[in-house]
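# Observations on the model geometry
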Amino acid sequence: MRGEVPLRILFICPVPIEFTSCRSLLALRDAGAVAGCRCARGSVAGLEVVALQSGPGKARSAAATAAATAAVPPELVVDTGTCAALDTGLVAGAVILGRSCVEYDISGSGLPRRIIPEMRLPSALALLPRPQADRLVRAAVEVGRGTDLLVRDGSQACGEFLIQSPGIRDPLAALTGALAANWETAGVFVAALRAGVPPVSIRAVTDFGDERSLQDFRRNVRRVCRELYGFVRSLAEAGWFVQVRERWREAGIGPARAAREVRP
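First, a word on what this report is: a plain description of the structure on this page.

### A word on a nonpolar patch on the surface
There is a patch of nonpolar side chains on the surface, built from Leu111, Phe161 and Ile168 and spanning about 200 Å² of accessible area. With respect to the helices, strands and loops of the structure, Phe161 is situated in the loop between strand S8 (151-158) and helix H5 (166-176).

So, in structure tokens, the structure goes:
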């Protein structure tokens, strides 16, 4: 619409290689720190983009997201970075478009025996009417095909355990139904939802949660990050993020409704 203010997106990038890849592939410029976190800003396909290096883990990602949603503020928060595959059919570089997140480690005693409602956190896609969400997923998959990337939609498991054996990976996959696992998505989702801002998760697989996970991560991370943020740029150029914002507005999901998705 003519005269409409550009969509402002906040990208959370946990660790330096993810942040620098995002800054480079999206051609962002260094900006003043937000709550002590490195920040870069710029314009991509008519969108106003802010990238923040949150630091690893849920506490840092939640704090950075909360600070940035107050300081920026964005209309969409995107959790980005790498992840370990739980689904053994995935390949290195596969992109996981997260419909939801399962925070599996809040029990405090290793893998839980069951998933309780407090562990489940929805993305914006999960809160939209299913037909609209499915169309957005199909559009993202098509963009991935255009860049030779495998894009799958599903859940991210989030907990601060290093997944490096099938003995942990396979029970976690069976328990959560998640395609992949990482340390930060839950923190990003909690902060964004409580601020009433729709969150999306876009992450790429670097390893397979087995005994070679650290070796595979180190070998793959630079290439995977370049491909991930190149894909993010392609989504922006295809108008995908604008479509997410428009579907969110049409659904009439207000801040209070979003905040209720985080159970106290």
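### Describing the packing of aromatic side chains
Applying the stated criterion across every chain yields a total of three aromatic pairs. Between Phe11 and Phe241, the aromatic rings sit 5.8 Å apart at their centres with planes inclined by 85°, giving edge-to-face as the arrangement. Of this pair, Phe11 sits in strand S1 (residues 8-13) while Phe241 sits in helix H8 (residues 240-251), and the two are 230 residues apart along the sequence. Of the residues examined, Phe11 reaches a relative accessible area of 1% and is grouped as buried. Here Phe241 falls in the buried class, since its relative accessible area comes to 1%. An angle of 80° between the planes, with centres 5.4 Å apart, marks the rings of Trp240 and Phe241 as edge-to-face. An aromatic cluster of three or more residues is present, and its members are Phe11, Trp240 and Phe241.

### Describing the pairing of strand S10 (residues 199-207)
Most of S10 sits out of view: nine of its nine residues are buried. Bridging between strand S5 (residues 76-85) and S10 involves eight bridges; their strand directions are parallel. Residue Val77 lies in a different strand from S10, and its bridge partner there is Pro199. Here strand S6 (residues 95-103) runs beside S10; their pairing, made up of four bridges, is antiparallel. Pairing of Gly98 across the sheet is with Ser201, part of S10.

### Remarks on the pattern of salt bridges
For the coordinates displayed, the defined rule picks out 21 salt bridges. The partner of Asp87 in a salt bridge is Arg152, and the shortest N-O contact between them spans 3.3 Å. Of this pair, Asp87 sits in the loop between S5 and S6 while Arg152 sits in strand S8, and the two are 65 residues apart along the sequence. Since its relative accessible area comes to 24%, Asp87 is described here as partly exposed. Several salt bridges share partner residues, and in doing so they unite Arg99, Arg130, Asp134 and Asp153 into one network.

### What to know about the packing of helix H2 (residues 58-71) against helix H6 (residues 185-194)
For the pair H2 and H6, the least separation of the axes is 7 Å and the interaxial angle reads 30°. The angle between H2 and H6 falls in the class roughly parallel. Crossing geometry of H2 relative to H6 is assigned as right-handed. Here Lys58, Ser61, Ala62, Thr65 and Ala66 of H2 come into contact with H6, specifically with Ala186, Gly187, Val188, Ala191 and Ala192. Broken down by class, the residue content of the contact of H2 with H6 amounts to six nonpolar, three polar and one charged.

Here is what the cut-offs are and how they apply
Residues numbered from 1 in each chain as written. Predicted model: local features only at pLDDT ≥ 70, side-chain atom pairs only at ≥ 80, totals over all residues. Heavy atoms only, no water. Patch = residues over 30% accessible without salt bridge, like charges linked within 9 Å, V, L, I, M, F, W, Y side chains within 5 Å. Areas by Shrake-Rupley, 256 points an atom, 1.4 Å probe, with all protein chains shown as cover. Salt bridge = Lys/Arg side-chain N within 4 Å of Asp/Glu carboxyl O. Helix = DSSP H or I, 4+ residues; strand = E, 2+ residues; numbered from the N terminus. Phe/Tyr/Trp six-rings, centres within 6.5 Å; stacked < 30°, edge-to-face > 60°. Buried < 20%, exposed > 50% of the residue type's maximum accessible area, 1.4 Å probe, protein only. Pairing = 2+ DSSP bridges. Axes fitted to C-alpha atoms, helices over the stretch in contact; angles between N-to-C directions. Parallel < 35°, antiparallel > 145°, perpendicular 65-115°, else oblique. Left-handed = near helix turned anticlockwise from the far one by under 90°. Contact = heavy atoms within 4.5 Å. Nonpolar A, V, L, I, M, F, W, Y, C, P; charged D, E, K, R; others polar.

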